[in-house]
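# Residue-level structure breakdown
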Amino acid sequence: MLFRSVIPAGDPAALRDLVAPDWVDHDPLPGQPAGPEGAEYVVSTMHDAHPDLRFDIDDLIAEGDRVTIRWTLHGTNTGPMFGRPPTGQRVELAAIVIFRVADGKIAERWAGWKPGRAPVR
């Protein structure tokens, strides 16, 4: 749901149903606030920078309270990201994200960008 509808739609409010009130992001984006507002910031930042984005889910593994996803984002950089102006170019970004789930909600997130396929900071 997160990668198929919430982020591509640019609907940060929909994230409130998915993340825990005490959500922790161990790898925040520059300028990202703490808590659920930070999760909303990630959705807005990714979508605003690439309004036509779509995700390919390359791997999805769940065990116990952890969900690991390896994804590739495809889109056109038409909005600023990390303080950089838009390029107007097609981009492909890739990451591996680990979520901890508690009581049916995302409680924690860890993320690592694939070298050479990460957003320029």
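Before any of the text, the structure's been laid out above.
Here the structure is a predicted model, which is why all the values come from computation and not from measurement. Every chain's residues receive numbers from 1 upward, in the order its sequence appears when written. pLDDT decides what is reported in this predicted model: residues at 70 or higher carry local features, side-chain atom pairs at 80 or more are listed and counted, and totals for whole chains, interfaces and linings draw on all residues regardless. Side-chain measures here rest on the full set of heavy atoms in the structure, leaving out hydrogens and waters.

### With respect to the side chain of Thr72
Relative to the assigned elements, Thr72 resides in strand β3 (residues 66–76). Residue Thr72 is classed as buried on the basis of its relative accessible area of 7%. Think of a polar contact as two N or O atoms within 3.5 Å of one another; within protein, one of them needs to be a possible hydrogen donor and the other a possible acceptor, and neighboring residues in sequence only count if both atoms come from side chains. A distance of 2.7 Å separates a polar atom in the side chain of Thr72 from a polar atom in the side chain of Asp58. We count a stretch as a helix when DSSP gives it H or I for four or more residues in a row; a strand needs E for two or more, and each element gets its number in order from the N terminus. Each residue is placed in one exposure class: buried if its accessible area under a 1.4 Å probe, protein chains only, is under 20% of its type's maximum, exposed if it is over 50%, and partly exposed if it falls in between.

### Focus: the environment of Met46
Examined against the element boundaries, Met46 turns out to sit in helix α2 (residues 36–49). Those residues in contact with Met46 that sit more than four places away from it in its chain are Ile7, Leu53, Trp71, Leu73, Met81, Leu93 and Trp113. We call two residues in contact when some of their heavy atoms are within 4.5 Å.

### Here's the deal with the sheet that holds β3
Pairs of strands are assigned from DSSP output, requiring at least two bridges between the strands. With respect to topology, 5 strands assemble into an open sheet ordered β1-β5-β4-β3-β2, the strand pairing being mixed. The sheet is open, and its two edges are formed by β1 (19–25) and β2 (54–63), each paired on a single side. Shown here is a sheet whose adjacent strand axes are inclined to one another by a mean of 20°, direction ignored. The sheet contact formed by strand β4 (residues 90–102) and strand β5 (residues 105–113) spans 8 bridges and is antiparallel. Along β5, the bridge assignment pairs Val101 with Ile106. Axes here mean lines fitted to C-alpha atoms, for a helix over just the part in contact, with angles spanning 0 to 180 degrees between N-to-C directions. Lying over the sheet, helix α1 (residues 2–9) contacts β2, β3, β4 and β5, oriented at roughly 135° with respect to β2.

### Some points on the pattern of salt bridges
We count a salt bridge whenever a side-chain nitrogen from Lys or Arg sits within 4 Å of a carboxyl oxygen from Asp or Glu. Applying the stated criterion to the full structure yields 9 salt bridges. For Glu37, the salt bridge goes to Arg16, with nearest N and O atoms at 3.2 Å. You can see Glu37 sitting in helix α2 and its partner Arg16 sitting in the loop between α1 and β1, a full 21 residues away along the chain. The exposure class assigned to Arg16 is partly exposed, which follows from its relative accessible area of 39%. With a shortest N-O distance of 2.7 Å, Arg70 and Asp59 are connected by a salt bridge. With Arg70 in strand β3 and Asp59 in strand β2, the pair connects residues that are 11 residues apart, well separated along the chain. Look at Asp59 and you get partly exposed, because its relative accessible area is 34%. One network of salt bridges, with partners in common, ties together Arg16, Glu37 and Glu40.

### Side note on the packing of aromatic side chains
Any two aromatic rings considered together are summarised by their centre-to-centre distance and by the angle between their planes. Side-chain rings of Phe, Tyr and Trp, where Trp is taken by its six-membered ring, are said to pair if the distance between their centres is within 6.5 Å; with planes under 30 degrees apart they count as stacked, over 60 as edge-to-face, and otherwise as tilted. If you walk through the whole model with that rule in mind, you get 5 aromatic pairs. A centroid spacing of 5.0 Å and a plane angle of 80° characterise the contact between Phe3 and Phe55, whose relative ring orientation is edge-to-face. Of this pair, Phe3 sits in helix α1 while Phe55 is found in strand β2, placing the two residues 52 residues apart along the sequence. Like Phe55, Phe3 is buried. These aromatic residues form a ring-pair network of at least three members: Phe3, Phe55, Trp71, Phe99 and Trp113.

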